[in-house]
Amino acid sequence: MPTPSPAIAVRPLSGVEDALHLQAVHAQIWGIVPGDIVPIHVLVTLAANGGMVLGAFDPAGPDESGGMVGFVLGWLGTTGVGAVKHVSHIAGVLPAWRGRGIGVDLKLAQRDFVLAQGLTTHVTWTYDPLQRVNGAFNIHRLGATCTTYKVNVYGTMTDELNKGMPSDRFQVDWHLQSDRVQHVITHGHILPAWKPSCLHRLPADPTQFPTLPSDGAPIAVPLPASVSALQRDHRDLLLAWRLYLRTIMQQAFAANYAVIDCVDLGDEQGWHYILTK
């Protein structure tokens, strides 16, 4: 696991100055247009009314963000059947500060915040399932799981990272007091060491749409080697991967599979989501 800098401090944000600094970090991470940045009045109101707005600060952080190098924000919501959950909406770390464990620090601080609030132990958030770095972080490192695929949630994207792509998302579930999450907090990863011979591996070809195994075997669903390279050079192929993953995951979730890991299977097989019944 990356070791965070001892100088990094995570604290709640409040007031206009903190909100301005968060906006500066938000814009730099995603390269987004001003209209997509969280407004100051929303950030201030969230922080003052039980919402969670946390920032990570480094004394060597950028002046324009007051030393803030990452943040996470969320609020209370419901599952749709009356149960309360915490909705984690945005989390990110500036590129130059990644690989230091700051993202983990922010998420664990979020966990502490939600547990201290005492209203729920269930957290959800969404992320782009094509981004294997986020998949490995959310599923393998934090112990979240996924059984929900959302199609084009925010419409066609306009930010520099995702411009022109349908905004399909995984919605993950993070059960803060589950054995699974307790394990990753202690050990830094989930339990299984997957053997490729025990998995039904789907082809790494987004032009094929294979059927799922009929025997309920664990499935390994491939991911593209580099989304950034596809974004730069092969937008049509990137869209093909989007539709491939959409089709496979919708079928799998309808068949009562869940995404429980995101790992590199080694031997040049590449990164895969692992799904079990």
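Since this is a predicted model, take the numbers as computed values, not measurements.

Please give an account of the overall build of the chain that cites residues and values.
On a plain count of helices and strands, the chain comes out with seven helices and 11 strands. In summary, the chain has a C-alpha radius of gyration of 19 Å against a globular reference of 19 Å for 277 residues, a match within 12%. Counting all 277 residues of the chain, 48% fall into the buried class. Taking all contacts inside the chain whose residues are at least 6 apart in sequence as the whole, residues at least 24 apart take part in 64%.

Would you mind going over the side chain of Thr124 in detail, with residue names and values included?
With respect to the element layout, Thr124 can be found in strand 5 (residues 122-127). Exposure remark for Thr124: the relative accessible area of 2% places this residue in the buried category. A distance of 3.1 Å separates the side chain of Thr124 from the side chain of Lys85, its partner in a polar contact. Once residues lying within four places of it in the same chain are set aside, the contact partners of Thr124 are Lys85, His86, Val87, Ser88, Gln171, Val172 and Asp173.

Which residues make up the pattern of salt bridges, and what values go with them?
Under the criterion given, the structure shown has five salt bridges. Across the pair Arg100 and Asp58 runs a salt bridge, and its minimum N-O distance is 3.8 Å. Taken as a pair, Arg100 in the loop between strand 4 (84-93) and helix 3 (102-117) and Asp58 in the loop between strand 2 (52-57) and strand 3 (68-78) lie far apart in primary sequence, 42 residues in all. With relative accessibility at 30%, the residue Arg100 sits in the partly exposed group. Two residues, Arg232 and Asp233, come together in a salt bridge whose shortest N-O distance is 3.2 Å. Among the residues examined, Arg232 registers a relative accessible area of 60% and is labelled exposed.

Can you explain empty space enclosed by the protein? Please cite residues and give values.
Tallying each qualifying case throughout the model produces two cavities of 30 Å³ or more. Approximately 60 Å³ is the volume attributed to the largest cavity. Broken down by secondary-structure element, the contributors of at least two residues to the lining of the largest cavity are helix 1 (15-30) and helix 2 (40-48). No other element matches helix 1, which puts four residues into the lining of the largest cavity. Split into classes, the residues belonging to the lining of the largest cavity amount to seven nonpolar, two polar and one charged.

Account for the nonpolar core, naming residues and giving values.
The biggest cluster of nonpolar side chains holds 36 residues, and the ones touching the most others in it are Phe170, Val221, Met249, Val259, Tyr273 and Leu275. Secondary structure elements with two or more residues in this core: strand 5, strand 6 (145-150), strand 7 (169-175), strand 9 (219-222), helix 6 (227-233), helix 7 (235-254), strand 10 (258-264) and strand 11 (271-276). When residues in this core are grouped by element, the largest group, eight residues, is from helix 7. Grouped together as the second largest cluster of nonpolar side chains are 26 residues, Leu22, Met52, Ala56 and Val72 included.

I'd like to hear about the environment of Val84, residue by residue, with values.
Of note, Val84 is situated in strand 4. Classification of Val84 by relative accessible area gives partly exposed; the value is 37%. In this structure the C-alpha to C-alpha distance between Val84 and Val123, which are 39 residues apart in sequence, comes to 9.4 Å. Beyond its immediate chain neighbours, meaning those up to four positions away, Val84 contacts Leu76, Gly77, Thr78, Leu119 and Thr120.

Calculation rules
- Residues numbered from 1 in each chain as written.
- Predicted model: local features only at pLDDT ≥ 70, side-chain atom pairs only at ≥ 80, totals over all residues.
- Heavy atoms only, no water.
- Helix = DSSP H or I, 4+ residues; strand = E, 2+ residues; numbered from the N terminus.
- Rg over C-alpha atoms; globule rule 2.2 N^0.38 Å.
- Buried < 20%, exposed > 50% of the residue type's maximum accessible area, 1.4 Å probe, protein only.
- Contact = heavy atoms within 4.5 Å.
- Polar contact = N/O pair within 3.5 Å; in protein donor to acceptor, adjacent residues only side chain to side chain.
- Salt bridge = Lys/Arg side-chain N within 4 Å of Asp/Glu carboxyl O.
- 1 Å grid on protein atoms, 1.4 Å probe; cavity = no way out; pocket = protein on both sides within 12 Å on 5 of 7 lines; lining within 4 Å.
- Points joined across faces, edges and corners; volume = space filled by probe spheres on them.
- Nonpolar A, V, L, I, M, F, W, Y, C, P; charged D, E, K, R; others polar.
- Core = buried A, V, L, I, M, F, W, Y, C linked by side-chain atoms within 4.5 Å.

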